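Take a look at the letters that make up each chain.
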Amino acid sequence: MLEVVSLSKDFKKHKAVEGVNIFLEKGETVGLLGPNGAGKSTIISMISSLISPSEGDVRLHNDSILKHPQMLRKVLGVVPQEIALYNDLTARENLEFFGKIHRLRGKALKDKIADILDQIGLKERQNDVVKTFSGGMKRRLNIGVALLHDPEILIMDEPTVGIDPQSRNYILEQVKRLNREKNMTILYTSHYMEEVEFLCDRIYIMDKGHIIASGTKDEIKSILSAESTILIKLERSSDAFVDRLKEIAYLKTVTSQDKEVTVVVPKEVHPFNQIFQIADETGATIVTIDRKTATLEDVFLHLTGRALRD
Amino acid sequence: MIIQFIKKQLLLMIRNPQILLILLGMPLILITILGFALGGVMNGEEVRLKAKIAIVEKGDSGEELSLFLKELEASGLPKESKAAIAEAAERLLPSELLRDQVLENQELKKYLSVQEIEPGSLEKVKKDDSYSAIIEIPEGFTEQVLSSIFLDEGKRTELRLYRNEGEELASNLVRDLLTGFQEQYSLGSVMGRSNGANFPISAISQEVKGGISHVEERTPLTSTTYYAVGMSVMFVLYIASNMGSFAYREKEDHVFDRMVLADVSIWKYFIAILLTTIILALLQLGILFGICALFYGVTWPDLTSFLIVTLALCLAVGSIGALLTSLNYRAHSEAFSNIFSTVIITVFAFIGGSFGGMFSSDFIQEIGSLTPNGAGMQAYFKIFQGYPLSSITTELWSLAIFSVIALVIAAVLFPKKGGGAI
Ligand SMILES: Nc1ncnc2c1ncn2[C@@H]1O[C@H](COP(=O)(O)OP(=O)(O)OP(=O)(O)O)[C@@H](O)[C@H]1O
Ligand SMILES: [Mg+2]
């Protein structure tokens, strides 16, 4: 239903987003993953027509919304990356103000606010000023405000940044429920692979303004499925052990850091016996050895050569 | 939606004690201190309205008196009346009376400084802006007034009054004085005759509008009143800088984005800022003047005129609020609000006269009366003293023009594309 077509944005000389294609089908939860500065927020600003793209198009049901953003705004809820609330108003006053801005009135507004306060778990604190809230509570209210006008599509820009694990789980559960119970279509942005793995049906991975991979979780992981990683922990670091491993042709890469050694091998190879043998011969003592299947984190590392977060 | 904006803004201000202190606390404290503590220093509790007046007599009253006496002799009046009239005429020389009894009056000397000038320098004095008014006694005036009163020979000669438009308050005072003098003169001198006064005053620089009332009826401007008005018109300007800052922070904190997302148009937002500023300014002035009325007895003779001045002033404040919002948005910082609240308001307050007339320079006073607070203050003073609405048209225009210019600039500068990284 929502489609982003070869979208680009230049800030002066710097290309923040380049040739990005994304689509969302009704009822899907789609993840947009990328490190700091990848261009996620810029894409979201263009979708919600807060900024205009340098090139490309945003379409709702195949109609371009660049000229007429009203169409999309009616059905779109946006949870901004920053806490966009009045700090000196109470939770309730914030909801009331933005509700009225969204043209809700009277009983409809009252019911909606009660419903949202329930959903975001702030009923008890509704009459407290936002600046007395914890980070997690602010994040929850930040989401609540975006839900006031019952959007069909919800775009969430890193809604869990900088909060405690408990609030984070709460939010993740809420997002899942919104999708399941209200059939809301959700675009979820994050640096956290595990959030996206938990929530999303399909995933886009982006880096430096480009989409570098996309597909279902399994499809993306299959990029790495031809290989697997073996983690070895030694009692003491041993250069001799590492050097011997490097001599073995079918071990694709061998890296070591202090007592930990990482080995990447083709999926069908099972080198445990040989590794133990080399350990014996070089006098190294293996504390643990583990074979790992790929995570999205690994995919990102594989695709960009960098970790998602510093 | 506008109501929501106002409600939100009120809540935000009420929860911000620092702002409340600036908007309400400071002016009230200053009114109290300046109005009472300095009241004694200012002497007589009255703020001086000093009018510099020139008087020029073109004829020679002595000669004209003898001329009149000859006419009197030639008339067919009985001998006894001739003697009585001659005696009365000597005592009732209009130019002398005007000088001695009116302009040199002890009570009035506080307000007036009268300067006798030579007929030859009249043109020069007319160009000198420091005079509030010039009274011209034309040639033959004495003779003609006397004969019209005592001999019924009705050739009318006018006493001329040149009024300095920039000094309306003072020149009005002189006009009122002359009118009063005219009435009293004729009453005191008729002596049974019926044809009253006969020297109409022609106000040359400006036609005389509205009713003429006497100087004694004007409420004196006490120092409490002075500062109640002076501080209110100054501190109402802080509403504008505050609104500019608040609006900018709405953008910084991305709540402005939320409004754009809710399809609130840029212009609606702009108008909301303007109206909210106006309403808050009205509220602030309402509270300040309300308290001054209740506790300091500063009450207004004509509430309608008072409200009109207040509205005009608040419109100007609203426009400044909108202008500062636009400038802050353009500058991507609160800089303009800060400059306005720290530097410009102070300068405006001083040259506008909020702290008393500190500058003798006419030029600065002129500039001062163009500031919204200066114009507002002048208008309030006149209204307070019971002058009619027509006497403050200059100030109202000044406020209106200021508002329109500020609003147009604000509208032109306001970013037309909402939100995000403009
Ligand atoms: N208004 C702007 N002017 C200039 N450059 C900008 C602007 N907004 C964003 N950028 C640049 O565009 C790039 C993408 O930024 P964006 O905020 O979209 O990244 P992001 O993926 O959301 O990162 P994060 O995870 O840190 O939120 C960055 O290099 C950023 O510096
Ligand atoms: Mg971002």
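Residue positions are counted from 1 within each chain, in the order its sequence is given. Lettering for chains starts from A, numbering for ligands starts from 1, and both go in the order in which the items are written. Owing to the predicted nature of the model, reporting of local features is limited to residues with pLDDT of at least 70; listing and counting of side-chain atom pairs is limited to 80 or more, with chain, interface and lining totals taken over all residues. Side-chain metrics in this entry use all non-hydrogen atoms of the structure; hydrogen atoms and water are not considered.

Student: Mind showing me how you'd approach the overall build of chain A here?
Tutor: Check the secondary structure of chain A and you find 11 helices and 14 strands. Categorising residues by exposure relies on relative accessible area from a 1.4 Å probe, with only protein chains included: less than 20% of the type maximum marks a residue as buried, more than 50% marks it as exposed, and the intermediate range marks it as partly exposed. Each of the 310 residues in chain A was classed as buried or not, and the buried ones make up 52%. For this analysis, residues touch if any pair of their heavy atoms sits within 4.5 Å. Here the analysis covers contacts within chain A between residues at least 6 apart in sequence; of these, 68% occur between residues at least 24 apart. Methods summary: accessible areas were calculated by the Shrake-Rupley approach with a probe of 1.4 Å, and residue burial reflects only the protein chains presented. Total accessible area on chain A is roughly 14500 Å²; 48% of this is exposed by carbon and sulfur atoms. Secondary structure elements follow DSSP: runs of H or I of four or more residues count as helices, runs of E of two or more count as strands, with numbering from the N terminus.

Student: Got a minute to help me understand the overall build of chain B in this structure?
Tutor: Across its full length, chain B carries 18 helices and 5 strands. For chain B, buried positions account for 52% of its 422 residues. Partitioning the contacts of chain B with sequence separation of at least 6, the portion at a separation of at least 24 is 82%. Of the roughly 18500 Å² that chain B leaves accessible, carbon and sulfur atoms contribute 61%.

Student: Before we go on, may I ask you to explain helix α5 (residues 135-146) of chain A in this structure?
Tutor: Over its 12 residues, α5(A) extends 17 Å from the first C-alpha to the last, a length consistent with the 16 Å expected when each residue adds 1.5 Å. Within α5(A), 10 of the 12 residues are buried, which leaves it mostly tucked inside the rest of the structure. Turning to α5(A), its buried residues number three or more, namely A:Gly136, A:Met137, A:Arg139, A:Arg140, A:Leu141, A:Asn142, A:Ile143, A:Gly144, A:Val145 and A:Ala146. Those residues of α5(A) that are buried lie in contact with β6 (76-79), α3 (91-101), α4 (106-119), β7 (153-157) and α6 (165-182) of chain A together with α12 (255-261) of chain B. A helix's residues, less one, multiplied by 1.5 Å, set its expected span.

Student: Help me out: how do you make sense of the pairing of strand β10 (residues 210-216) of chain A in this one?
Tutor: A regular strand carries its side chains on alternate faces of the sheet. All names here are of chain A. For strand β9 (residues 202-207) and β10, the ladder comprises 6 bridges, and the chain directions are antiparallel. Pairing of Tyr-204 across the sheet is with Ser-214, part of β10. Two strands pair under a simple rule: DSSP has to find at least two bridges between them. The antiparallel pairing of β9 with β10 creates a hairpin that spans 2 residues between the two strands, and Lys-208 there sits at a positive phi of about 50°.

Student: Can you walk me through the coordination of the magnesium ion (ligand 2) in this structure?
Tutor: Six octahedral donors at a metal ideally form angles of 90 or 180 degrees, and four tetrahedral donors ideally form angles of 109.5 degrees. Residue and element names in this part refer to chain A. Water is absent from the atoms considered, so a metal site may look incomplete; donors are defined as N, O and S atoms within 2.8 Å of the metal, or 3.2 Å for Na, K and Ca. Around the magnesium ion (ligand 2), the protein contributes the donor atoms Ser-41 (OG) and Gln-81 (OE1), which lie 1.8 to 2.0 Å from the metal centre. Here the residue Ser-41 occupies a position in helix α1 (residues 40-47), and Gln-81 occupies one in the loop between β6 and α3, the gap between them amounting to 40 residues. Looking at Ser-41, the relative accessible area reads 26%, which means it is partly exposed.

Student: In this structure, what is going on with the environment of A:Glu158? I would like to understand it.
Tutor: Residues and elements named next belong to chain A. Tracing the chain through its elements places Glu-158 in the loop between β7 and α6. Relative accessible area serves as the criterion here: at 5%, Glu-158 is assigned to the buried category. Between the C-alpha atoms of Glu-158 and Glu-82, which are 76 residues apart in sequence, the distance is 8.9 Å. With near-sequence residues (within four places) excluded, Glu-158 lies in contact with Lys-40, Gln-81, Arg-139, Thr-189, Ser-190 and His-191. At a separation of 3.1 Å, a polar atom in the side chain of Glu-158 contacts the side chain of His-191. Between N or O atoms, a polar contact is any pair within 3.5 Å; within protein, one atom must be a potential hydrogen donor and the other a potential acceptor, and residues adjacent in sequence are included only when both atoms are from side chains.

Student: Would you mind going over empty space enclosed by the protein with me for this structure?
Tutor: Over the atoms, a rolling probe the size of a water molecule traces out where space has been left empty. Using a 1 Å grid laid over the protein atoms alone, points where a 1.4 Å probe fits but cannot get out form a cavity; open sets with protein on both sides within 12 Å along at least 5 of 7 lines form a pocket; any residue with an atom within 4 Å of a point counts as lining. Grid points are joined across faces, edges and corners, and a volume is the space filled by probe spheres set on the points. Applying the stated criterion across every chain yields a total of 6 cavities of 30 Å³ or more. Within this model, the largest cavity holds a volume of roughly 100 Å³. Contributions of two or more residues to the lining of the largest cavity are made by β6 and α5 of chain A together with α12 of chain B. The element that contributes the greatest number of residues to the lining of the largest cavity is β6(A), accounting for 3 residues. Three classes are used, and their members are as follows: Ala, Val, Leu, Ile, Met, Phe, Trp, Tyr, Cys and Pro are nonpolar, Asp, Glu, Lys and Arg are charged, and the others, Gly among them, are polar. Looking at the lining of the largest cavity residue by residue, the classes come out as 7 nonpolar, 3 polar and 1 charged.

Student: Could you clarify how one ought to interpret the interface of chain A and chain B in this entry?
Tutor: Think of interface size as the accessible area that goes away when the parts come together; that is how it is often given. Facing the 31 residues of chain A at the interface are 26 residues of chain B. It is A:Leu50, A:Tyr86 and A:Ile101 that lose the most area in chain A upon contact with chain B, and together they represent 25% of the buried surface on that side. Criterion for a salt bridge: a side-chain nitrogen of Lys or Arg within 4 Å of a carboxyl oxygen of Asp or Glu. For the pair chain A and chain B, the number of links is 3 salt bridges. Measuring nitrogen to oxygen at the nearest pair gives 2.7 Å for the salt bridge that ties A:Glu93 to B:Arg15. Accessible-area loss on putting two parts together, using a 1.4 Å probe and summing over both, is the definition of buried area adopted here.

Student: What am I meant to see in the nonpolar core here?
Tutor: In summary, soluble globular proteins display a tendency toward joint burial of nonpolar side chains. Membership of the largest hydrophobic core comes to 156 residues, with the highest contact counts inside it found for A:Leu141 and B:Tyr380. Leave out the neighbours within four places in its chain, and B:Tyr380 touches B:Val229, B:Val233, B:Leu285, B:Phe289, B:Trp300, B:Phe306, B:Val309, B:Thr310 and B:Leu313. Definition used in this section: a nonpolar core is a set of buried Ala, Val, Leu, Ile, Met, Phe, Trp, Tyr and Cys residues joined via side-chain atoms within 4.5 Å. B:Leu65, B:Leu72, B:Val145 and B:Leu159 belong to the second largest nonpolar core, which has 33 residues in total.

Student: Would you mind going over a nonpolar patch on the surface with me for this structure?
Tutor: Residue and element names in this part refer to chain B. Residues with no salt bridge and a relative accessible area higher than 30% make up the patches, which join like charges within 9 Å and nonpolar side chains (Val, Leu, Ile, Met, Phe, Trp, Tyr) within 5 Å. There is a patch of nonpolar side chains on the surface, built from Phe-336, Ile-339, Val-343 and Val-347 and spanning about 320 Å² of accessible area. With respect to the secondary-structure elements, Val-343 resides in helix α15 (residues 335-352). In this structure Val-343 comes out as partly exposed when scored by relative accessible area, which is 46%.

Student: Would you mind showing me how to read the packing of aromatic side chains here?
Tutor: For any pair of aromatic rings, the description rests on two quantities: the centre-to-centre distance and the angle between the ring planes. All names here are of chain B. Between 30 and 60 degrees the pair is tilted, below 30 it is stacked and above 60 it is edge-to-face, where a pair is any two Phe, Tyr or Trp rings, Trp via its six-membered ring, whose centres lie within 6.5 Å. What the rule picks out here adds up to 23 aromatic pairs over all chains. The interplanar angle of 85° and the centroid separation of 5.5 Å between the aromatic rings of Phe-289 and Trp-300 together place this pair among those described as edge-to-face. Remark: Trp-300 occurs in the loop between α13 (266-296) and α14 (303-331) and Phe-289 occurs in helix α13; sequence separation between them is 11 residues. Residues Phe-289 and Tyr-380 carry aromatic rings whose centres are separated by 5.1 Å and whose planes lie at 55° to one another, so their mutual orientation is tilted.

Student: Sorry, what's going on with the sheet that holds strand β14 (residues 286-292) of chain A here?
Tutor: Sheet strands pair via backbone hydrogen bonds, and the direction of the pair is either parallel or antiparallel. Residues and elements named next belong to chain A. Across the sheet, 4 strands lie side by side as β12-β13-β11-β14; this open sheet has antiparallel pairing. Only two strands of the sheet have a single neighbouring strand rather than two, namely β12 (253-257) and β14. Shown here is a sheet whose adjacent strand axes are inclined to one another by a mean of 15°, direction ignored. By the bridge criterion, 7 bridges tie strand β11 (residues 227-234) to strand β13 (residues 260-266) in an arrangement that is antiparallel. Looking across to β13, one finds that Thr-229 is bridged to Val-264. Here the axes come from fitting lines to C-alpha atoms, over the contacting stretch only for helices, and the angles between their N-to-C directions go from 0 to 180 degrees. The sheet strands contacting helix α10 (residues 272-282) are β11 and β14, and the helix crosses β14 at an angle near 155°.

Student: Got a minute to help me understand the side chain of A:Thr29 in this structure?
Tutor: All names here are of chain A. Mapped onto the elements, Thr-29 comes out in strand β3 (residues 29-33). A residue is classified by how much of its surface remains accessible, and Thr-29, at 3% relative accessible area, is buried. Side-chain polar atoms of Thr-29 contact the side chain of Asn-179, separated by 3.2 Å.

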